[in-house]
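Summary of the model geometry
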Amino acid sequence: MSEKRVNKGNNIILKIENLQISFTQYERGLKQRTFQTVKGMDLEVSSGELTAVIGASGSGKSLLAHAVMGLLPYNASMSGEMYYCGEKLTKMRQEKLRGNEIVLVPQSLAYLDPLMKIGRQIKKNRKDEKINQRLADIFSRYHLKEEVAKQYPFELSGGMNRRILISTAMIENPRLVIADEPTPGLDLKSAKRVMEHFRELADMGAGVLLITHDLRLAIETADRIIVFHDGRTIDEAVPTDFQAENTLKHAYTKALWRAMPKNGFANESKNTDI
Amino acid sequence: MKNKTTGNRIAFIIRKLLRLALLLFVTSITSFVLMKASPIDPLQANVGQSALGTMSIEQIARLQAYWGVGGNPVKQYLGWAADFVRGDMGMSLLYHQAVSEVIAVRLQNSLVLMVTAWLLSGVLGLALGAAAGMNRGRWIDRGIKGYCLVISSTPAYWLAMLLLIVFGVWLKTFPVGLSVPIGVAAADVTFTERVQHFVLPALALSITGIAGIALHTREKMIEITESEYMLFARARGEKGWRLFWNHGFRNVLLPAITLQFASISEIFGGSVLVEQVFSYPGLGQAAVAAGLGSDMPLLMAVTIVSALFVFGGNMIADVLYGIVDPRIRKGGVGQ
């Protein structure tokens, strides 16, 4: 699947160099403790491409999304360089771009306001004719019924959730789409179908950054895969590299490869300890 | 479907009524027992030691019967209950009037005061609490929080006296007490005069009410700002007033409704002290007079009326919640 669409755009939308994120916490009284979650992350996202960052749950990979959007919690501090479209991504640019050129697609409906109707929420309460038209277009593209716009998040049926969440990205003019674990709990087939929507966004010229722990999904849908482990970017590969173990560079990536069901069943004795 | 919801509604009303009956029974028993256990001797309090000394044993016995001293408490309670249910709530021993009449006049005075304070503290408390919560840690939050903490730890009556001293005594902007000017016939009292008399007590009651509501709203607001949907809204570029209006206000409104109606009891409690300080002839003052003067029927009636108000407030909050929150409104009660 992925061979035919490698490197279409090649305009680098997002470039991150040596990103480090640490947290300060108070423990017992005034004693402060700092611990570093992200120790060195490098990555590039190009337009028209789907780049996957893969890492274990709780490895801090979600912080990447928050760092790019400028939404790290108040007790976090960050260093390293971030460039958006070749220019440094400053706090001011982040505030200007987020929700507009840089969009986030969240994990679940919990990220929607429980008391605001879907339509208004996707439109961010904007009311002009243009945005209404746009919403109608998106709804027909995603086969969502009109009355869904008048429903509250709790009324939605499971099948629609993803499409609604992606609609929040679609209604803007995104050049960078960050999808933080967008397919939780979905089987591979449904997850791949969801990923097609992201592929569409990439085909429209956006750079898509997929943050996930699902290696199989990344292999099946991404153009490039960046492996994140222990706070660092340790490997970068294209999906075809995952066809055999010896085309992979890093030991951890190899271990990941072996942990996949289709390979794991053959090599169980070798991979018990990743 | 329709039948089911109607059935649910009837069941809901019946449940509430049963609960109300139980509540009134328990409140009346409790206040009756407390009244009986009170160390105040009704005769000494109302007739005076010196007058009692000059009276014959028969006269004293008659007074004892009037004030309910030494009778069978069970019989007294049942007697009171019969009077109460009959409709006029019995006779007030202090005012020699039907309790219902005393309460009607007092309640009118108090209601103006309490409703004003209730609305004022609700609206301002919500606004201040929301502003503080949205701007957590900034100077505006610190200012509001500081104010609320100081006021929360200030007794209402002390604040009332402070207002009295500043505005009543020093600045002479407002009268020092009562609900109407002294020496003026009731018919001649102007509207402005009534307002002038009620500004200070209403102010005292509002200022103390605001603090509690603002602190609670602030907590809720902070919870909301830390929610995932707020994070996502910020990720979508919403900020400042729009972020608050679209998501913060909507979500803080629900707990605010509960708070607002729960605060009825606090306003009621506060009014007892504040009315006392300003000699404002309201329900609260009647409660104090009845308590100190051993006017059992009056005190019981005041207690029951307050219980009714608090219960009614909570019930309105319950019902409003179902109307305002789409999750309850559309989810249905029976599910």
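How each quantity is defined
Residues numbered from 1 in each chain as written. Chains lettered and ligands numbered in written order. Predicted model: local features only at pLDDT ≥ 70, side-chain atom pairs only at ≥ 80, totals over all residues. Contact = placed C-beta atoms within 7 Å. Helix = DSSP H or I, 4+ residues; strand = E, 2+ residues; numbered from the N terminus. Nonpolar A, V, L, I, M, F, W, Y, C, P; charged D, E, K, R; others polar. Axes fitted to C-alpha atoms, helices over the stretch in contact; angles between N-to-C directions. Parallel < 35°, antiparallel > 145°, perpendicular 65-115°, else oblique. Domains from an automatic or database assignment. Buried ≥ 20, exposed ≤ 12 C-beta atoms within 10 Å, placed from the backbone. Pairing = 2+ DSSP bridges.

Observations regarding the interface of chain B and chain A
Where the parts come together, the accessible area they lose is often given as the size of the interface. Listed per partner, the contact involves 17 residues of chain B and 20 residues of chain A. Sorting elements by how many residues they give to the side of chain B that touches chain A places helix H10 (residues 228–235) of chain B first, with seven residues. Its residues assigned to classes, the side of chain B that touches chain A shows six nonpolar, four polar and seven charged.

Side note on the packing of helix H11 (residues 240–277) of chain B against helix H13 (residues 296–324) of chain B
Working note: a packed helix pair is described by the angle between its axes plus the distance between those axes. Residues and elements named next belong to chain B. It is the contact of H11 with H13, at a shortest axis distance of 9 Å, that shows an interaxial angle of 175°. The angle between H11 and H13 places the two elements in the roughly antiparallel class. For the pair H11 and H13, the contacting residues are Leu254, Ile257, Thr258, Phe261, Ala262, Ile264, Ser265 and Phe268 in the first and Ser306, Phe309, Val310, Gly313, Asn314, Ile316, Ala317, Leu320, Tyr321 and Val324 in the second.

Topic: the domain arrangement of chain B
Residue and element names in this part refer to chain B. Partitioning chain B into domains gives domain 1 (2–86) and domain 2 (99–331). Between the C-alpha centres of domain 1 and domain 2 there is a distance of 29 Å. Contact residues are listed per partner, giving 17 residues for domain 1 and twelve residues for domain 2. Within the residue set of the side of domain 1 that touches domain 2, elements represented by two or more residues are helix H1 (2–37), helix H2 (42–46) and helix H5 (73–86). The leading source of residues in the side of domain 1 that touches domain 2 is H1, at nine residues. Grouping the amino acids of the side of domain 1 that touches domain 2 by side-chain chemistry returns ten nonpolar, five polar and two charged.

Some thoughts on unusual backbone geometry
Residue and element names in this part refer to chain A. A positive phi angle is found at asparagine 18, which is not glycine, with a value near 50°. Tracing the sequence through the fold places asparagine 18 in strand E1 (residues 12–26). The exposure class of asparagine 18 is partly exposed, given the 14 C-beta atoms found within 10 Å.

A short note on the environment of Gln151(A)
Assignment of secondary structure puts Gln151(A) in the loop between helix H4 (129–141) and helix H5 (161–170). Discounting residues that sit within four places of it in the chain, Gln151(A) has contacts with Lys117(A), Ile118(A) and Leu156(A).

A few points about the pairing of strand E10 (residues 232–237) of chain A
All names here are of chain A. Relative to E10, strand E9 (residues 224–229) runs antiparallel, the two sharing five bridges. Along E10, the bridge assignment pairs valine 227 with aspartate 235. Between E9 and the antiparallel strand that follows it, E10, lie two residues; aspartate 230 among them carries a positive phi value of about 55°.

A few points about the domain arrangement of chain A
Examined at the domain level, chain A breaks down into domain 1 (8–101 + 174–266) and domain 2 (110–171). A straight line from the C-alpha centre of domain 1 of chain A to that of domain 2 of chain A covers 26 Å.

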